[in-house]
Amino acid sequence: MSRPADSPDGLDRYQTELSSEVLERVRSWSSQPELSVLLERLRHTLDRRPFMDVWAEAMVADRFHRAGCELAVEVPTPNGRSCDLRVRRDGREFFVHIKRLHAGRRSRHIRISPRLRVLEGIRRPWLVRIRWADGLTDEDMQELVVRCSEFLLHANLGDELTVRSEHGHELGGIRVVAPWEGKTVSLAIGLPEGFQERGQKIRRVMERAMRQFMPGSDNIIMVATPYADDLADFDSALLGSNIEQWNPSQPPGQRMNWGRAEDGFWQGRAREASQVMGWFRFRPSADDLDVTLRFRNERDTMNHRLLLACLTSEESE
């Protein structure tokens, strides 16, 4: 459907927030029947939130298109739903479902005190999420950091602390989210008004995407979220919550290890139609995607190699 020349255009409205390189490539889709459908959706979507949802789809489509794939957009399924993309290359085919988790209130600018960096020197191999109340004085922030430092010296995976002043006012809180490969604490900034169960939200996104699967075909869910530390929440939603496991058969000093609880999207034989899952940090101004893929079965039982090839930077040059 053609647009009047003077009608509002979503791409024009948000172009300052978008990668100029990707935007140029997307605008060139007008001469390509399948991708022009996605281009027109971007042009006709004027509200920011739904526009960015479509832009996430466009970023994925751009990657596959540059990798030489044949694409179809909004492919209907027999149950009355639709798949975001059908991808074909080298005689293989799979269907892609792209879901974006919105930023929420954490997208606003917050002042990060340099005092918090003290926590990153604590020698514990934890990814830690911290939050604090708005308007803390420097003395309050110092009190928060001291209490959190003491807590982290003895905290275990999943432990959480709420810090209050001597008058009972909440200063903030801290939670041990996951193990990580470093020797000292890795700090992630939480919402000032409280921790949000982003893992649960990501899990609901996965469930919603699976209801759109093409029956009898290979389906891939790709989850886009705005923060780098969301990868830990993505893995928890997919593989299970991080837990500590005690194994008395191991030598002293090695008996405590980390594992996954039985609450993941891929737990047991549940949802066997889902075999591949992807995550990427959604940054509208980024020229390329940095995709993390998770495979349920390490054997090459479907288009794993093709998918990897399409989503690597080398293939899309």
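Each remark here, short or long, concerns the structure printed above.
The following refers to the structure shown. (Residues numbered from 1 in each chain as written. Predicted model: local features only at pLDDT ≥ 70, side-chain atom pairs only at ≥ 80, totals over all residues. Heavy atoms only, no water.)

### Looking at the overall build of the protein
Piece 1. Check the secondary structure of the protein and you find 9 helices and 12 strands.
Piece 2. For the protein, buried positions account for 49% of its 317 residues.
Piece 3. Of the roughly 16,100 Å² of accessible surface on the protein, a fraction of 46% belongs to carbon and sulfur atoms. (Helix = DSSP H or I, 4+ residues; strand = E, 2+ residues; numbered from the N terminus. Buried < 20%, exposed > 50% of the residue type's maximum accessible area, 1.4 Å probe, protein only. Areas by Shrake-Rupley, 256 points an atom, 1.4 Å probe, with all protein chains shown as cover.)

### Some thoughts on the sheet that holds strand S2 (residues 82–89)
Piece 1. Taken together, 6 strands build an open sheet; the order of strands is S1-S2-S3-S8-S11-S12 and the sheet is mixed. With partners counted over all chains shown, the strands left at the sheet margins are strand S1 (70–76) and strand S12 (291–295), one partner each. Neighbouring strand axes in the sheet, compared pairwise and without regard to direction, differ in orientation by 25° on average.
Piece 2. Bridge count for strand S3 (residues 92–100) against strand S8 (residues 219–225) is 6 bridges, and the pairing is parallel. By the bridge assignment for S8, Ile98 is matched with Met222.
Piece 3. Along the sheet, helix H4 (residues 48–66) contacts S1, S2, S3, S8 and strand S11 (276–281); its crossing angle with S3, the most-contacted strand, is approximately 150°.
Piece 4. The strands touched by helix H6 (residues 198–210) within the sheet are S3, S8 and S11, with S8 carrying the most contacts at an inclination of about 145°. (Pairing = 2+ DSSP bridges. Axes fitted to C-alpha atoms, helices over the stretch in contact; angles between N-to-C directions. Contact = heavy atoms within 4.5 Å.)

### Some details on the sheet that holds strand S7 (residues 186–189)
Piece 1. Strand order across the open sheet formed by 4 strands is S5-S6-S4-S7, with mixed pairing between neighbours. Since the sheet does not close on itself, it has two edges, and those belong to strand S5 (160–164) and S7, each with one partner. Taking the axes of each pair of neighbouring strands and ignoring which way they run, one obtains an average angle of 25° across the sheet.

### Notes on helix H3 (residues 33–44)
One turn of an α-helix holds 3.6 residues; hence residues three or four places apart share an orientation.
Piece 1. End to end, H3 covers 17 Å across 12 residues, agreeing with the expected 16 Å (1.5 Å per residue, within 8%).
Piece 2. Those residues of H3 that sit buried are Leu35, Ser36, Leu38, Leu39, Glu40, Leu42 and Arg43.
Piece 3. In this structure, the buried residues of H3 make contact with helix H1 (10–14), helix H2 (20–27), H4 and S1. (Expected span 1.5 Å × (residues − 1).)

### Side note on unusual backbone geometry
Piece 1. Even without being glycine, Glu74 reaches a positive phi, approximately 50°.
Piece 2. By the element assignment, Glu74 lies in strand S1.
Piece 3. The backbone of Asp90 sits at a positive phi, close to 55°, despite the residue not being glycine.
Piece 4. In this structure, Asp90 sits in the loop between S2 and S3.
Piece 5. Judged by its relative accessible area of 63%, Asp90 falls in the exposed class.

### Topic: helix H5 (residues 138–152)
Piece 1. Over its 15 residues, H5 runs 21 Å from end to end, which matches the ideal 21 Å to within 8%, given 1.5 Å per residue.
Piece 2. Contact partners of the buried residues in H5: strand S4 (126–132), S5 and strand S6 (170–179).

### Points about the packing of aromatic side chains
Piece 1. Considering all chains together, one arrives at 3 aromatic pairs under this definition.
Piece 2. Ring centres of Tyr14 and Phe51 lie 4.8 Å apart, and the angle between their planes is 35°; on these two criteria the pair is classed as tilted. On the criterion of sequence distance, the pair formed by Tyr14 in helix H1 and Phe51 in helix H4 is long-range, its members being 37 residues apart.
Piece 3. Linked through ring pairs, Tyr14, Phe51 and Trp55 together constitute an aromatic cluster. (Phe/Tyr/Trp six-rings, centres within 6.5 Å; stacked < 30°, edge-to-face > 60°.)

### Topic: the nonpolar core
Piece 1. Ranked by internal contacts, the top residues of the largest apolar core, which has 44 residues, are Trp55, Val60, Phe64, Leu85, Val96, Met222 and Leu307.
Piece 2. The element contributing the most residues to this core is H4, with 10 residues.
Piece 3. In this structure, Ile122, Trp126, Trp132 and Leu157 belong to the second largest nonpolar core, which totals 24 residues. (Core = buried A, V, L, I, M, F, W, Y, C linked by side-chain atoms within 4.5 Å.)

Read these as spatial facts, not as claims about activity.
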